[in-house]
Amino acid sequence: DIQMTQSPASLSASLGETVTIECRASEDIYNGLAWYQQKPGKSPQLLIYNANSLHTGVPSRFSGSGSGTQYSLKINSLQSEDVASYFCQQYYNYPTFGGGTKLELK
Amino acid sequence: EVQLVESGGGLVQPGRSMKLSCAASGFTFNNYDMAWVCQAPKKGLEWVATISYDGSSTYYRDSVKGRFTISRDNAKSTLYLQMDSLRSEDTATYYCARQTAFGPYFDYWGQGVMVTVSS
């Protein structure tokens, strides 16, 4: 299985700030990477696919980048509704997820 | 509007069986591969199983191979997960998810159903 290591596990940021979440794969996943947002008590929602493509309806303050084994999710101008957990998922092989990042407001 | 509605969860004793269902609507069900993804309490997400659009191919994570069976009824637009020989470590919320046409990532998720394996 391809292991996905996500960091940080938790993050505290202020409104308007830019935050970055990292995900490292145990081998090259050739941009087969998605990011999801999960709000408390809700199901995950797709944000980004193919490492850098924004899913329909997702605000443009979200962006993804990376290649090879290293990927990141950036949230510009943090809003209160962005408080959530974020997960990366590789799909180059059988799907595996990162451990998640819990984002809170400072 | 795409909707995925799971049912069938609850409390079950170790070693027993449970069957989950997921009723789909708002899209052409038989055009899409479908999957189950689980999330243990306060934990991360784990892919469980995937079934192809026509039911001809199935894929499982190693820990459920031989115990879980994914299936579908395209006439009823319904996805199933038969879970046998349940273990305490299977305790989780189980989500039904639609796999995109472009790769095994998931563009729509159900609300989830809780399965608790305990004596």
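A brief structural summary. (Residues numbered from 1 in each chain as written. Chains lettered and ligands numbered in written order. Predicted model: local features only at pLDDT ≥ 70, side-chain atom pairs only at ≥ 80, totals over all residues. Heavy atoms only, no water.)

1. Digging into the sheet that holds strand β7 (residues 62-67) of chain A
All names here are of chain A.
Here's step 1: Ordered in space as β1-β3-β8-β7, the four strands form an open sheet in which the pairing is antiparallel. For this open sheet the edge positions go to β1 (4-7) and β7, each flanked by a neighbour on one side alone. The sheet shows a mean angle of 15° between the axes of neighbouring strands, taken without regard to direction.
Here's step 2: As judged from the four bridges shared by β1 and strand β3 (residues 19-25), these two strands associate in the antiparallel manner. Among the inter-strand pairings, Met 4 is bridged to a residue of β3, identified as Ala 25. (Pairing = 2+ DSSP bridges. Helix = DSSP H or I, 4+ residues; strand = E, 2+ residues; numbered from the N terminus. Axes fitted to C-alpha atoms, helices over the stretch in contact; angles between N-to-C directions.)

2. Side note on the nonpolar core
Here's step 1: Ranked by size, the top nonpolar core spans 29 residues in total, and within it Leu 20, Trp 36, Val 48, Leu 79, Leu 81, Met 83 and Tyr 94 of chain B carry the most contacts.
Here's step 2: With four residues, strand β3 (residues 18-25) of chain B is the largest single contributor of residues to this core.
Here's step 3: Formed by 23 residues, the second largest nonpolar core is a distinct cluster that contains Val 19, Trp 35, Leu 47 and Ile 48 of chain A. (Core = buried A, V, L, I, M, F, W, Y, C linked by side-chain atoms within 4.5 Å. Buried < 20%, exposed > 50% of the residue type's maximum accessible area, 1.4 Å probe, protein only.)

3. Points about the sheet that holds β3 of chain B
Residues and elements named next belong to chain B.
Here's step 1: Spatially, four strands are ordered β1-β3-β8-β7 in an open sheet, and the strand pairing comes out antiparallel. This sheet does not close on itself; its edge strands, each paired only once, are β1 (3-7) and β7 (68-73). Sheet twist, expressed as the mean angle between neighbouring strand axes with direction ignored, is 15°.

4. A look at a nonpolar patch on the surface
Residue and element names in this part refer to chain A.
Here's step 1: Residues Leu 15, Val 83 and Leu 105 make up a contiguous nonpolar surface patch of about 240 Å² in total accessible area.
Here's step 2: Position of Val 83 relative to the elements: it lies in the loop between β8 (70-75) and β9 (84-90).
Here's step 3: When its relative accessible area of 31% is taken as the criterion, Val 83 is described as partly exposed. (Patch = residues over 30% accessible without salt bridge, like charges linked within 9 Å, V, L, I, M, F, W, Y side chains within 5 Å. Areas by Shrake-Rupley, 256 points an atom, 1.4 Å probe, with all protein chains shown as cover. Salt bridge = Lys/Arg side-chain N within 4 Å of Asp/Glu carboxyl O.)

5. Section: the state of the cysteines
Here's step 1: Applying the stated criterion across every chain, the model contains two disulfides over all chains.
Here's step 2: Each disulfide pairs two cysteine sulfurs, and for Cys 23 of chain A the partner residue is Cys 88 of chain A, the sulfurs being separated by 1.8 Å. In this structure, the disulfide formed by Cys 23 of chain A and Cys 88 of chain A twists by about 40° around the S-S bond and is classed as right-handed. With Cys 23 of chain A in strand β3 and Cys 88 of chain A in strand β9, the pair connects residues that are 65 residues apart, well separated along the chain. The residues Cys 23 of chain A and Cys 88 of chain A share a single accessibility class, namely buried.
Here's step 3: In this model, Cys 22 of chain B is linked to Cys 96 of chain B through a disulfide, with the two sulfur atoms separated by 2.1 Å. On the S-S bond that ties Cys 22 of chain B to Cys 96 of chain B, the torsion sits near -65°, and the link is left-handed. Of the two residues, Cys 22 of chain B is situated in strand β3 and Cys 96 of chain B in strand β9 (residues 92-100); the sequence distance between them amounts to 74 residues. Exposure class is identical for Cys 22 of chain B and Cys 96 of chain B. Each is buried. (Disulfide = S-S within 2.5 Å.)

6. A short note on the interface of chain B and chain A
Here's step 1: Taken residue by residue, the interface counts 14 residues in chain B and 17 residues in chain A.
Here's step 2: Across the interface of chain B and chain A, roughly 1,400 Å² is buried in total on both sides, 67% from carbon and sulfur atoms.
Here's step 3: A per-residue breakdown of the area chain B buries against chain A is headed by Leu 45, Trp 47 and Tyr 105 of chain B, which together make up 40% of the total.
Here's step 4: The interface formed by chain B and chain A includes zero salt bridges.
Here's step 5: Here chain B and chain A share five residue pairs in polar contact (both at pLDDT 80 or more) between them.
Here's step 6: Contributing elements (two or more residues each) for the side of chain B that touches chain A: β4 (34-39), β5 (45-51) and β10 (103-109) of chain B.
Here's step 7: When residues of the side of chain B that touches chain A are assigned to their parent elements, the largest contribution, five residues, is made by β10 of chain B.
Here's step 8: For the side of chain B that touches chain A, the residue count by class is nine nonpolar, three polar and two charged. (Contact = heavy atoms within 4.5 Å. Buried area = accessible area lost by both parts, 1.4 Å probe. Polar contact = N/O pair within 3.5 Å; in protein donor to acceptor, adjacent residues only side chain to side chain. Nonpolar A, V, L, I, M, F, W, Y, C, P; charged D, E, K, R; others polar.)

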